[in-house]
Each structure stands twice: as structure tokens, then as C-alpha cells.
Amino acid sequence: MTPARRSGGPSRRQIALALPSALLAAGCAAPHHGSGRPGDPIVLTLLSHYASEALKEALRGPVDEWNATHDRVKVRTEAVEFTDLLTTFMVRQAAGRGADILHPYCLWTGQLVRAGVLRPAPPELAQEIRRGYGAAAVDAASVDGTVYGYPTEAQTYALYYNKRLLRAAGLDGAPRTWRELEEAAYRTTRRDRYGNTLVQGFGLSAYDDSTTVGQTLALLHAAGGTFVSADGRSTALDSPAGRAVFGLERRLVAEGASDPGVNVYQAFASGRVAMTVNAGWWTGSLRTVMGRDYRDVGVAPVPVPRAGDAPATLATGFLLGVNAASRHPRAAWEFLRWLNTEKVRARGGSTATRMSALQVSVGSLTGRADDMRALSGRGGDPNLRPFLDALAYAVPEPNGPGAQQAKSLLRQNIEALWTGQRSVDEMLRSVRRQVDQEVSRSW
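The rules behind each value
Residues numbered from 1 in each chain as written. Predicted model: local features only at pLDDT ≥ 70, side-chain atom pairs only at ≥ 80, totals over all residues. Heavy atoms only, no water. Core = buried A, V, L, I, M, F, W, Y, C linked by side-chain atoms within 4.5 Å. Buried < 20%, exposed > 50% of the residue type's maximum accessible area, 1.4 Å probe, protein only. Domains from an automatic or database assignment. Contact = heavy atoms within 4.5 Å. Phe/Tyr/Trp six-rings, centres within 6.5 Å; stacked < 30°, edge-to-face > 60°. Helix = DSSP H or I, 4+ residues; strand = E, 2+ residues; numbered from the N terminus. 1 Å grid on protein atoms, 1.4 Å probe; cavity = no way out; pocket = protein on both sides within 12 Å on 5 of 7 lines; lining within 4 Å. Points joined across faces, edges and corners; volume = space filled by probe spheres on them. Expected span 1.5 Å × (residues − 1).

Caption draft 1: Spotlight on the nonpolar core. Grouped together as the largest cluster of nonpolar side chains are 76 residues, with contacts concentrated most on Phe-202, Met-275, Leu-286 and Leu-410. The two domains that each donate at least three residues to this core are domain 1 (42-155 + 316-395) and domain 2 (157-314 + 401-442). The residues touching Met-275, leaving out its near neighbours within four places in the chain, are Leu-159, Tyr-160, Tyr-161, Leu-166, Pro-175, Leu-181, Ala-184, Ala-185, Gly-201, Phe-202 and Gly-203. With 32 residues, the next largest nonpolar core counts Leu-46, Leu-125, Ala-126 and Leu-336 among its residues.

See the structure below:
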């Protein structure tokens with residue numbers, strides 16, 4: 001459900017090259033608005049990345065409920081793989097075939113707004129969203145203070161650790177500071193007699209944009225730093241916090257406690273990584289993959305540089321918004337309000353919105369802390385609690401028009417640092433040159 005295993009967004013050239021074939025696909029899946037005869041219902045299309053059977057089924061429940069209880073407006077869902085989602089939004093919009101309701105990754109909000117794809121939420125719904133969701137979720141679904149949709153899936157980052165591996169190294173509980181983190185990483189690293197790494201102390205992953213950049217930005221925020229400046233027009237990594245984060249990561253690699261070439265998703269689940277930083281969606285995957293061994297997994301807040309520092313971490317998410325070109329915006333917002341605001345009876349007798357219940361059913365969270373606490377209650381996975389608590393202090397990804405390309409460029413530079421191709425100083429100079437050009441351009 002989250003931006004894991006993802007590649008960067010499409011360039012203008014990629015969109016142009018994809019246009020002919022994509023237009024054919026868009027034509028085959030064109031939004032259906034009914035026959036046009038008086039009295040026929042409006043049919044809204046909802047385009048999301050819920051392409052797996054589990055996610056399709058989770059969304060089908062509330063959509064079927066709506067369609068069974070509303071005669072005037074019906075909803076039809078469409079899904080593409082996440083890696084195709086941004087291109088699909090842009091290409092279908094260019095062809096005049098955009099869906100009425102869109103479910104984008106919040107990182108793309110600025111780009112979609114600048115391209116005229118997303119419609120601002122009506123003032124009364126924007127106020128409702130600001131009241132009902134945490135600040136990080138609202139900011140992620142906004143551009144320049146304007147709300148563009150209902151936050152749906154919300155992800156915060158925390159420290160995953162293997163209790164068994166830490167105990168074997170004589171450590172009692174998760175590290176709380178960077179000094180403790182570094183010490184624990186070295187103590188839990190194990191090698192065979194030939195020097196081959198059997199267990200990594202701390203998993204740094206070069207798997208994809210979201211894994212590489214997400215864990216780094218979580219540590220950066222914990223140190224009080226930010227990726228871009230407050231006005232979004234330049235990078236802010238060349239700071240004491242930024243230098244401390246990259247220095248920490250470089251030491252872990254140089255000392256052999258981290259091997260970015262190893263797939264951390266597989267290695268942690270098989271007990272070959274003692275600690276790593278990742279988002280809350282991973283708990284559901286680990287429960288499935290690890291079975292009984294999942295009892296060895298613990299989750300704690302991202303460690304801070306010094307004892308007593310205020311906690312902070314990264315937040316990512318998605319939003320449900322309305323296409324600026326939709327012919328039925330009022331009906332689309334009516335459906336989204338019903339899905340994301342109206343409370344219903346959920347499992348265990350608690351009440352929550354339909355979207356919150358949907359997210360919890362697939363092991364995720366929303367930005368509605370009240371819903372999450374009601375739904376996670378007694379008997380829930382205790383490993384979700386740190387992610388829920390982090391909703392109060394997490395920092396959202398910057399989502400300006402060039403955000404996706406900036407993220408991809410940052411990933412390339414982080415990997416160059418990890419592999420020894422660049423020093424911290426060289427890496428920061430490269431980031432300033434490349435990312436500043438992207439975020440400061442006139443769109």
C-alpha cells in the first residue's frame with residue numbers, strides 16, 4: 001500500500017513517448033458516466049493503486065455498500081500498479097480521460113496541482129479535514145496551505161529490531177540514542193571465519209527510492225534536520241543534522257555493520273539483520289512472512305542523537321481527491337466525505353470511518369489518530385503502537401512540483417556515499433547542485 005519497491009516518477013519525455021499506447025489503454029478504460037438519459041445514475045470512476053487482490057477486496061466492501069444504498073450516484077473502481085500510477089494520471093488527463101476520483105501518493109500533490117489535475121477541497125470539507133486528521137497527514141495532502149483531498153493511508157517510520165539478536169549480543173531493549181544505535185549495530189554484527197557477514201547490525205537498503213530515502217529522512221528528522229528549505233526552493237541537507245546523518249551511515253557501512261547491497265526485506269525477515277528503519281506497513285508483511293518468528297520483532301521510535309532530544313520521524317501517505325476535469329465534482333466529494341468522515345460500527349464494537357477500517361484490515365494506518373486508537377485497542381499488534389504515536393510528531397515529505405525527481409536524485413547520491421564513490425562533502429555538493437536545480441525551477 002505504500003511507496004515501497006518504487007521507481008522514480010516519469011519525465012516529460014517518458015510521458016510523451018508513452019502517450020500513443022497509453023491513450024489506447026485510456027480509451028478502453030474511459031470513465032463511464034451513464035447513458036445520459038434522464039433519471040440514469042451518475043457513474044464516478046475511482047483510480048487507485050489497489051491492484052492486488054487483497055486491496056481490491058478491501059476497497060470493494062465500502063464501494064459495494066455505497067452502490068447498494070445510493071441510487072443517484074454509483075462508483076466504479078479501476079486500479080493500476082503503483083509504478084504506473086503517476087504516468088497513468090498524467091497521460092489520461094492529457095487525453096481528456098481522467099478518472100473522477102484519484103488516489104495519488106502525497107509526494108506528487110504539488111506536481112498534480114501544477115498540472116491542473118487535482119481540484120481543491122471545498123472550504124467546508126477542508127475545515128473538516130483539518131479538524132479530523134493529524135497535522136502531518138493534512139500537510140501532506142495540501143499545497144501552499146490549500147487542502148486537495150482526504151488523507152487515506154498514513155505511514156510513519158520507526159526502528160524495527162530483532163529481540164533475539166539483541167539479547168544474544170547482551171543488549172536489553174532497543175537503542176534510544178545514536179550512540180546506542182551504533183554500539184548495538186557493531187555488537188550484533190556477526191561474520192563467519194572467512195569474514196563473510198552472517199548478520200548485519202543495521203540494515204541500510206538501496207532497494208528503491210522509498211526505502212533508501214525514507215530511512216535516511218527519518219534519521220534526519222530525528223536529528224532536527226530537513227530535506228528542503230521552508231520555502232521549498234533549495235535543499236537544507238548541508239547542516240549539522242545532515243552531516244551527522246550521513247556520517248553515521250557512512251561509518252556503519254565502512255565498519256561492516258551495514259551492507260546496502262543486501263535486500264533488507266528478505267534479510268530482516270530471515271534473521272540476518274538486527275535493526276533497520278522502515279514504515280509501519282511492513283508489520284503486516286512481516287507477520288505473514290515470518291510466522292511464529294514474528295514474536296522476535298520489536299518496534300521502537302527512531303533513535304535521536306542525544307538523550308532528551310525531542311522525537312521526530314518521517315511521514316508519508318496518500319490522499320483521495322477529485323479530478324479538476326470531473327463533470328461531477330459535487331457527487332465525487334459527497335462520496336469521499338461518506339467514505340472518510342462518516343463513522344460506522346467496526347470490529348470489536350468500536351466506531352471509525354470506513355476508510356480507517358479499510359486500512360486497518362490490511363495492516364495499515366490512517367491519519368485519524370482517534371480511529372486508529374479505537375481500532376487497534378486490546379488484542380491488536382503492539383508493534384503498531386510506535387507508528388501510531390509518531391503521527392503526533394512525524395514530518396511529511398516535501399511535495400512541491402519537483403518532489404519525485406528530487407527524491408530520486410537524493411537516492412542516487414545516498415547510494416554513491418554508501419558505496420564509497422563520494423565523501424560526505426562531495427555528496428552534499430552534488431545534492432545541492434542537482435536537487436536545487438530541480439526544486440527551484442520555474443514550473
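From this point, the narrative continues.
Caption draft 2: Representation of the packing of aromatic side chains in the model. Under the counting rule described, the total for this entry stands at 16 aromatic pairs. A centroid spacing of 4.9 Å and a plane angle of 65° characterise the contact between Tyr-160 and Trp-282, whose relative ring orientation is edge-to-face. Of this pair, Tyr-160 sits in strand β7 (residues 150-162) while Trp-282 sits in helix α12 (residues 282-290); the two residues are 122 residues apart in sequence, bridging distant segments of the chain. For Trp-282, a relative accessible area of 1% corresponds to the buried category. Centroid distance Tyr-160 to Phe-387: 5.6 Å. Interplanar angle 45°. Geometry classified as tilted. A residue pair is termed long-range when its members are at least 10 positions apart, and Tyr-160 in strand β7 and Phe-387 in helix α16 (residues 385-390) qualify at 227 residues. The exposure class assigned to Phe-387 is buried, which follows from its relative accessible area of 0%. Connected via pairs of aromatic rings, a cluster forms that spans Tyr-160, Tyr-207, Tyr-265, Phe-268, Trp-281, Trp-282 and Phe-387.

Caption draft 3: Just empty space enclosed by the protein, in detail. Per the stated rule, a full pass over the model turns up 6 cavities of 30 Å³ or more. Size it by volume and the largest cavity reaches roughly 130 Å³. If you trace the largest cavity, you find 18 residues lining it, with Ala-136, Ala-137, Ala-154, Ala-315 and Thr-316 closest to the centre. Secondary structure elements with two or more residues in the lining of the largest cavity: α6 (135-140), β7 and β12 (313-323). Of all the elements, β7 adds the most residues to the lining of the largest cavity, at 5 residues.

Caption draft 4: Focus on the side chain of His-221. Within the secondary structure layout, His-221 lies in helix α9 (residues 209-222). Beyond its immediate sequence surroundings of up to four residues, His-221 is in contact with Thr-226, Ala-312, Thr-313, Leu-314 and Val-395.

Caption draft 5: Spotlight on helix α17 (residues 403-418). Across its 16 residues, α17 extends 22 Å between first and last C-alpha, which sits within 8% of the 22 Å expected from 1.5 Å per residue. One or two residues past the end of α17 sits Gly-420, with phi positive at roughly 80°.

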